[in-house]
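Now for the letters of each chain:
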Number of protein chains: 2
Amino acid sequence: MEGHDARSPDPRRHVVILGGGFGGLAVAHGLADTDARITLVDRRNHHLFQPLLYQVATAGLSAPSIAAPLRQILRKQANVTVLMDEALSVDLELRRVKLALGELHYDVLVVATGATHAYFGHDAWERYAPGLKTLDDAFTIRRRVLLAFERAEREDDPAQRQAWLNLVVVGGGATGVELAGTLAEIARHTLPREFRRADPRQANVLLVEAGPRLLPALDPSLSDKARRQLEKLGVEVRLNTPVTAIDDQGVMLGDTPYAARTVLWGAGVAASPLGRTLGAPVDRAGRVLVEPDLSLPGHPEVFVIGDLASVTQPDGRPVPGVAPAAKQMGRQVAATLKARWRGDTTPRPFRYRDDGSLATIGRMAAVAQFGRLKLSGLLAWWVWLIAHIAFLIGFRNRLVVMLDWAWAYWTYQRHARIVTGTDAPPQAASRLPRDP
Amino acid sequence: MEGHDARSPDPRRHVVILGGGFGGLAVAHGLADTDARITLVDRRNHHLFQPLLYQVATAGLSAPSIAAPLRQILRKQANVTVLMDEALSVDLELRRVKLALGELHYDVLVVATGATHAYFGHDAWERYAPGLKTLDDAFTIRRRVLLAFERAEREDDPAQRQAWLNLVVVGGGATGVELAGTLAEIARHTLPREFRRADPRQANVLLVEAGPRLLPALDPSLSDKARRQLEKLGVEVRLNTPVTAIDDQGVMLGDTPYAARTVLWGAGVAASPLGRTLGAPVDRAGRVLVEPDLSLPGHPEVFVIGDLASVTQPDGRPVPGVAPAAKQMGRQVAATLKARWRGDTTPRPFRYRDDGSLATIGRMAAVAQFGRLKLSGLLAWWVWLIAHIAFLIGFRNRLVVMLDWAWAYWTYQRHARIVTGTDAPPQAASRLPRDP
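Residues numbered from 1 in each chain as written. Chains lettered and ligands numbered in written order. Predicted model: local features only at pLDDT ≥ 70, side-chain atom pairs only at ≥ 80, totals over all residues. Heavy atoms only, no water.

## Notes on the overall build of chain A
Moving on, step 1. Along the backbone of chain A there are 11 helices and 25 strands.
Moving on, step 2. Taken over C-alpha atoms, the radius of gyration comes to 22 Å for chain A, in line with the 22 Å a tight globule of 436 residues would show.
Moving on, step 3. A principal-axis box enclosing the C-alpha atoms of chain A has dimensions of 70 × 55 × 45 Å.
Moving on, step 4. Within chain A, the proportion of its 436 residues that are buried is 58%.
Moving on, step 5. A separation threshold of at least 6 residues defines the contact pool for chain A, and within that pool the share at least 24 residues apart is 64%.
Moving on, step 6. Accessible surface, chain A: about 17,400 Å² in total, of which carbon and sulfur atoms supply 53%.
Moving on, step 7. Of the charged side chains in chain A, 53 are positive and 45 negative, and the gap between their average positions amounts to 5 Å. (Helix = DSSP H or I, 4+ residues; strand = E, 2+ residues; numbered from the N terminus. Rg over C-alpha atoms; globule rule 2.2 N^0.38 Å. Buried < 20%, exposed > 50% of the residue type's maximum accessible area, 1.4 Å probe, protein only. Contact = heavy atoms within 4.5 Å. Areas by Shrake-Rupley, 256 points an atom, 1.4 Å probe, with all protein chains shown as cover. Lys, Arg positive; Asp, Glu negative; His and termini not counted. Charge placed at Lys NZ, Arg CZ, Asp CG, Glu CD.)

In structure tokens:
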């Protein structure tokens, strides 16, 4: 294939980036002013602003508000070619990436394929408890939640009806907290006047966390504040409570069954399977243990960044799997490459700059931590809102998202309560369709 | 089931409306000030503004911009219960509707389940040439079109590449004209700078019509203007050209094969299958031949309205299957019922008031006909734009749709170019999911 063939006569260095998330895009942008030839491969056609994905799942935003075509983002950067394809494996010796539809030779490889949800060996749970990593995941959750209320409205048996009105969120990290808070808001404020038989206010939103506190990445005082804000919104929080089974009737909390027809998964994260094909040691979640400069041990021409990389900070704490860390890694790789190409091979260990952590809980409720400064409640929510809208890619998106939020704020309406599609197996949605 | 049980002790008249489109909603709204008990059944949870559906298919609008939850639309009308369910058949003797999840007894029944696309006996074509009636249809078309350009970018063989860049639209009615014009615009203006190997400007959009002119519902002079506007946009229009075969490699135009990996269907319309279960005569498309007052022959308590009804105007012309006609029929049925309940049983034959016909062709191009007044080009486009945005349900939608249009107008960008999901069989998407 001309332009990305192993035998291409193009004399420029070829940088192949796998993954168009925050990390991969930061590398491409960082190399805009070089003469490198860049190929960015993603199995989806869009970059996704994952921090707001829970809003698509809970019908507050439509998909195009938080996603933008990779081609559109990169259209002005002439040294980038975008390929919609799936990377299957890497041949480190021959410097080739095998794709579903072809093959690419690289001079430099950046692997930034991220993470997906993990069920800790209970893969059968995925059917009953969808996780939230892609737009298709968000549509599945939206459909399940909206149809649960529809089914409750049709149910004569009070116990069965309540099982449709019981919603369980597994996992007390940011995703679980955001989903639980928003679901409680929908049940209490958005839906009540719309049903004639079932009362959405009878819905129970249960947030289950195996560990001793919510949001373990934040300061314990904020974990406690988050729990109290959730409880004020009507969420029941159970800490130190492991989920031991999930099926279509509900969950087992330790030895106690809890009837719930809707279970959402915010618990585990596993790195992209591509990490394990690189031959380097990986941690328990499948993240690649990289050198301090983010390169693959023994392969200075290969970098692993973002959620797929396991990096330890000088203070011994791991770099968290968040968007700012992925962006910083991407910028660092671009800087390392530019220095190398100038002849400067000084090693540059990656240092994570913590710009703060935020988690939103519901309408006007959030927690935030910036170094020693800790915020919660209304002020944290405003900081969260402004930070997230400011980082959205594309002016139009920012405008529409602001409009949507203002609308939802004043009316309690969530405009994207549209059920489409049917439940397809989630793994099918993550492959490039062979069409037609 | 209490509230909609055959043995309900509720003494109020029970009006059951099947279908939450323009017709069904008009009946519900028209009976707001009565003491009738109304149950509105739809297999989807949303009302769809179908005149703008082609904009979702061509990535100009997101789904929630043109769809609103039925419960939200009707939440303030306390005498309406909304059920998300599918009507399977009607027992006219016992006055019962069989639903997928239950049964309803009615005193008055309004059947407004609309139409779907028809393949004139070639059901196998549906796989290769999706039609456009639902949001899921629109997502399928969006995915096929966007992936065709992705595949063209990956194709080495020039003939194969061109087959991915050839797009065929079958049928020269409003849907076909709108799709063809917008696709040409996307190929010429939206995509060119985003691809490095295939040139989207090499795309051919072919609009094929078996009859002698486009937009047969309009005046012949406008058909001709529409053809010329399409050709100016780069669409190749072939009239008097029957499609005799469709498969995954292209179409047969009479005896001539035309290679195209993307074929879209805008040709045939068939009435909802529920029409044939009513025992009354139907026309060739399955539309029910109703009495002048829109009631079912021999059953004054049953009405059939909208695209499912075959009504002839006094001048012998059929009432067209358009949104304004469905709304007028719905209002008429509500008025008839209210008169009857007052004791006034004067027959009220339905008269269609033609407020004009519009079809948009592309950016700044449209044709319009209001009685003897005929417009085309820029002025017609403005009339079309204002009329469509004005009729959108919900203030927020109107605002967002205007914003989207202004954005697309100035930038040529189409923000919803997001590929999600995989190709599920279209018929699967139209059934209520049994969840999980």
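Having seen the model, we can carry on.
## Quick look at the relation of the copies chain A and chain B
Moving on, step 1. When chain A is fitted onto chain B, the two copies agree to an RMSD of 0.0 Å after a turn of 180 degrees and an axial shift of 0.0 Å. Look at the turn and shift together and you get a two-fold axis relating the two.
Moving on, step 2. Both copies contact each other with a shared surface, as 100% of the interface residues of chain A are interface residues in chain B too. (Least-squares fit on C-alpha atoms with pLDDT ≥ 70 in both.)

## Quick notes on the sheet that holds strand β9 (residues 108–111) of chain B
Residues and elements named next belong to chain B.
Moving on, step 1. Here 6 strands make up an open sheet; going across it, the order is β5-β2-β1-β9-β21-β20 and the pairing mixed. Looking along the sheet, the strands with just one partner apiece sit at the ends: β5 (80–84) and β20 (295–296).
Moving on, step 2. When strand β2 (residues 37–42) meets β5, the two strands line up parallel, connected through 5 bridges. Looking across to β5, one finds that I38 is bridged to V80.
Moving on, step 3. Relative to the sheet, helix α8 (residues 323–341) contacts β1 (14–18), β9 and β21 (299–304), its axis offset from that of β21 by approximately 160 degrees. (Pairing = 2+ DSSP bridges. Axes fitted to C-alpha atoms, helices over the stretch in contact; angles between N-to-C directions.)

## As for helix α4 (residues 135–154) of chain A
Moving on, step 1. If you check α4(A), its first and last C-alpha atoms are 29 Å apart, about what 20 residues at 1.5 Å a residue would give, namely 28 Å.
Moving on, step 2. Of all the 20 residues making up α4(A), 20 are buried; the element is thus mostly covered by neighbouring parts of the structure. (Expected span 1.5 Å × (residues − 1).)

## Focus on the interface of chain A and chain B
Moving on, step 1. Taken residue by residue, the interface counts 70 residues in chain A and 70 residues in chain B.
Moving on, step 2. Across the chain A/chain B interface, buried area totals approximately 6,500 Å², and carbon plus sulfur atoms make up 57% of it.
Moving on, step 3. In this structure, the connection of chain A to chain B is made through 4 salt bridges.
Moving on, step 4. For D85(B), the salt bridge identified is with R154(A), shortest N-O distance 2.7 Å.
Moving on, step 5. In this assembly, chain A and chain B are joined by 21 residue pairs in polar contact (both at pLDDT 80 or more).
Moving on, step 6. When contributions to the side of chain A that touches chain B are tallied by element, the ones reaching two or more residues are β4 (67–69), α3 (70–73), β5 (80–84), α4, α10 (395–411) and α11 (426–429) of chain A.
Moving on, step 7. At 10 residues, the largest contribution of residues to the side of chain A that touches chain B is made by α4(A).
Moving on, step 8. By residue class, the composition of the side of chain A that touches chain B is 32 nonpolar, 13 polar and 25 charged. (Buried area = accessible area lost by both parts, 1.4 Å probe. Salt bridge = Lys/Arg side-chain N within 4 Å of Asp/Glu carboxyl O. Polar contact = N/O pair within 3.5 Å; in protein donor to acceptor, adjacent residues only side chain to side chain. Nonpolar A, V, L, I, M, F, W, Y, C, P; charged D, E, K, R; others polar.)

## Section: unusual backbone geometry
Residues and elements named next belong to chain A.
Moving on, step 1. One non-glycine residue, A59, lies in positive phi territory at about 70 degrees.
Moving on, step 2. For A59, the position within the fold is in the loop between α2 (53–57) and β4.
Moving on, step 3. Overall, the relative accessible area of 2% leaves A59 in the buried class.

## Remarks on the packing of aromatic side chains
Moving on, step 1. Scanning all chains against the criterion turns up 16 aromatic pairs over all chains.
Moving on, step 2. With a centroid separation of 5.3 Å and 80 degrees between ring planes, the pair formed by W381(A) and W382(A) is classed as edge-to-face.
Moving on, step 3. Take W382(A): its relative accessible area is 42%, and that puts it in the partly exposed class.
Moving on, step 4. Residues F22(B) and F49(B) carry aromatic rings whose centres are separated by 5.8 Å and whose planes lie at 75 degrees to one another, so their mutual orientation is edge-to-face. (Phe/Tyr/Trp six-rings, centres within 6.5 Å; stacked < 30°, edge-to-face > 60°.)

## Comments concerning the sheet that holds strand β2 (residues 37–42) of chain A
Residue and element names in this part refer to chain A.
Moving on, step 1. Pairing is mixed in the open sheet, where 6 strands are placed in the order β5-β2-β1-β9-β21-β20. Each of the sheet's edge strands pairs with one partner strand only, and the pair in question is β5 and β20 (295–296).
Moving on, step 2. Summarising the sheet, β20 and strand β21 (residues 299–304) pair through 2 bridges and their orientation is antiparallel. Bridged to L296 within β21 is H299.
Moving on, step 3. Strands in contact with helix α1 (residues 22–30) are β1 (14–18), β2, β5 and β9 (108–111); relative to β2, the strand with the most contacts, it is inclined by about 165 degrees.

## A closer look at the side chain of Q55(B)
Moving on, step 1. With respect to the helices and strands, the residue Q55(B) is situated in helix α2 (residues 53–57).
Moving on, step 2. Setting aside anything within four residues of it in sequence, one finds Q55(B) in contact with G60(B), L61(B), W405(B) and R414(B).

## What about the packing of α1(A) against helix α8 (residues 323–342) of chain A?
All names here are of chain A.
Moving on, step 1. Following both chains from N to C, one finds α1 and α8 inclined at 30 degrees, their axes separated by 7 Å at the closest point. Taken together, the axes of α1 and α8 are roughly parallel relative to one another. In the crossing of α1 with α8, the sense of the turn from one axis to the other is right-handed. Each of F22, G23, A26, V27 and G30 in α1 lies in contact with α8, whose residues at this interface are A323, A326, K327, G330, R331, V333, A334 and K338.
Moving on, step 2. For the contact of α1 with α8, the per-class residue count stands at 7 nonpolar, 3 polar and 3 charged. (Parallel < 35°, antiparallel > 145°, perpendicular 65-115°, else oblique. Left-handed = near helix turned anticlockwise from the far one by under 90°.)

## Looking at the pairing of strand β8 (residues 102–105) of chain A
All names here are of chain A.
Moving on, step 1. Sheet topology note: the strand β7 (residues 96–99)/β8 ladder contains 4 bridges and is antiparallel. Bridge assignment links V97 to a residue of β8, and that residue is L104.
Moving on, step 2. Taking the residues that link successive antiparallel strands as the turn, the β7-β8 hairpin has 2 residues.

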